[in-house]
Amino acid sequence: MDLQILPLTERKPPIEDEASLVFGRTFTDRMFVMEYDTGRGWHSARIAPYAPFTLDPAALVLHYAQEIFEGLKAFRRPDGNIALFRPRDNIARFNRSARRLCMPPVDEDFFLDALKELIRLEADWVPRSEGTSLYIRPTMIATQPVLGVKPSDQYLCYIILSPVGPYYKGGFKPVRIWISDEYIRSAPGGTGEAKTGGNYAASLLAAREAAERGFDQVLWLDAVKRQYVEEVGSMNICFVYDDKIVTSPLHGTILDGITRRSILTLAKEMGLEIEERAMSIDEIMDGASNGRLSEAFGTGTAAVVSPVGQFTYRDRTVTLSNNQVGPLTMKFFEALTGIQYGRQPDPHDWVELL
Ligand SMILES: *Cc1c(COP(=O)(O)O)cnc(C)c1O
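Residues numbered from 1 in each chain as written. Predicted model: local features only at pLDDT ≥ 70, side-chain atom pairs only at ≥ 80, totals over all residues. Heavy atoms only, no water.

A.B. asks: Hey, could you run me through the packing of helix α2 (residues 87–100) against helix α3 (residues 108–121) in this one?
C.D. replies: Angle between the axes and distance between the axes are the two parameters that describe a pair of packed helices. At a closest axis distance of 10 Å, the pairing of α2 and α3 adopts a crossing angle of 125°. In terms of their interaxial angle, α2 and α3 are classed as oblique. Crossing angle aside, the handedness with which α2 passes α3 is right-handed. Residues P87, R88, I91, A92, F94 and N95 of α2 form the contact with α3, whose own contacting residues are E108, D109, F111 and L112. Of the residues contributing to the contact of α2 with α3, the split by class is six nonpolar, one polar and three charged. (Axes fitted to C-alpha atoms, helices over the stretch in contact; angles between N-to-C directions. Helix = DSSP H or I, 4+ residues; strand = E, 2+ residues; numbered from the N terminus. Parallel < 35°, antiparallel > 145°, perpendicular 65-115°, else oblique. Left-handed = near helix turned anticlockwise from the far one by under 90°. Contact = heavy atoms within 4.5 Å. Nonpolar A, V, L, I, M, F, W, Y, C, P; charged D, E, K, R; others polar.)

Rendered as structure tokens:
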């Protein structure tokens, strides 16, 4: 398939203050778009000026949420080059999500080439200051105008780009976590493993109630026993328990995070023991009190790692590492961002230069 590059008619004003960029509010001048029709396949791939779409009010995505997305970042390196972090893993996961939502897969090589071409054209939008990056959001939506519940015969797939400031503006701050045994994020056989909009719509009420109680994020438990930890907010979660790294296994209800995967690889190299198993609430609450649980942190593309300071379950609150950032949490953050920004060697070839 050819990639058409349409002329840019208007440019947005450049970023004035990179440090003040708020996540996901600023978008670049161009986007990638392609369309799908059953029978014809993907077609009309183009890089076009960033602009709203016209959708039929009956478009399937608007009614039955047939939608998937991805999230990855491009980093400005000290030499001025731009690097993507494990982009092929994101595109492979995009296609796994597509399969779960009955959507057509994309050609992974073509998609990566188109993504790189888009970023090359938008290179001025990749910010330069410490801790900043360009967030990349591939998305696919069902556009056929029909109210029957069925997989769409038409899709739109696009990539938009958003320059983002440092995640930790006032320094690394541990978060307060509410353990919800009322709401669940995903159930066995459901769509927890897919990056699909419906999962996030379903999480909003719990997040709002947590925020009203003064918490930063919700810790999700398993749907069956409501005893075992799955994820935190929209991140995977890692614990340092008995000096081992413990993280929830990939049993279909949690997202197979690329940050999670990278941290497990780094942990092995640091000589740490790894257990992919579900931590129980008791292990968290008692472990924090008796010292067996020394650190906990969320992992995801946006934050890289997000240290947990406190867990609250029902009326009990426990504090970890004196509400400070634990030493291993810090080590993983430094190691991973070091590779992403090119301050450290990249022995796994995780980085792909433009
Ligand atoms: C995207 C996401 C993650 C993290 O995945 P990364 O590839 O590390 O960014 C974890 N959990 C949920 C629910 C997610 O949507």
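A.B. asks: Where do I start with the UniProt feature "modified residue: N6-(pyridoxal phosphate)lysine" (unreviewed entry) in the chain in this structure?
C.D. replies: In the numbering adopted here, UniProt assigns the feature "modified residue: N6-(pyridoxal phosphate)lysine" (unreviewed entry) to K195. As for its position among the elements, K195 is in the loop between β9 (175–180) and α4 (197–201). For K195, a relative accessible area of 13% corresponds to the buried category. Apart from the residues within four sequence positions on either side, K195 is in contact with E67, I68, F69, E70, G71, R93, S97, Y200 and L255. (UniProt positions renumbered as here; feature names shortened; annotations may be inferred. Buried < 20%, exposed > 50% of the residue type's maximum accessible area, 1.4 Å probe, protein only.)

A.B. asks: Just to check I follow, could you spell out the side chain of D256 for this structure?
C.D. replies: Mapped onto the elements, D256 comes out in the loop between β13 (244–247) and α6 (258–269). A distance of 3.1 Å separates polar atoms of two side chains, one belonging to D256 and the other to R261. Contacts of D256, omitting those with residues within four sequence positions, involve R93, R96, L250 and R261. (Polar contact = N/O pair within 3.5 Å; in protein donor to acceptor, adjacent residues only side chain to side chain.)

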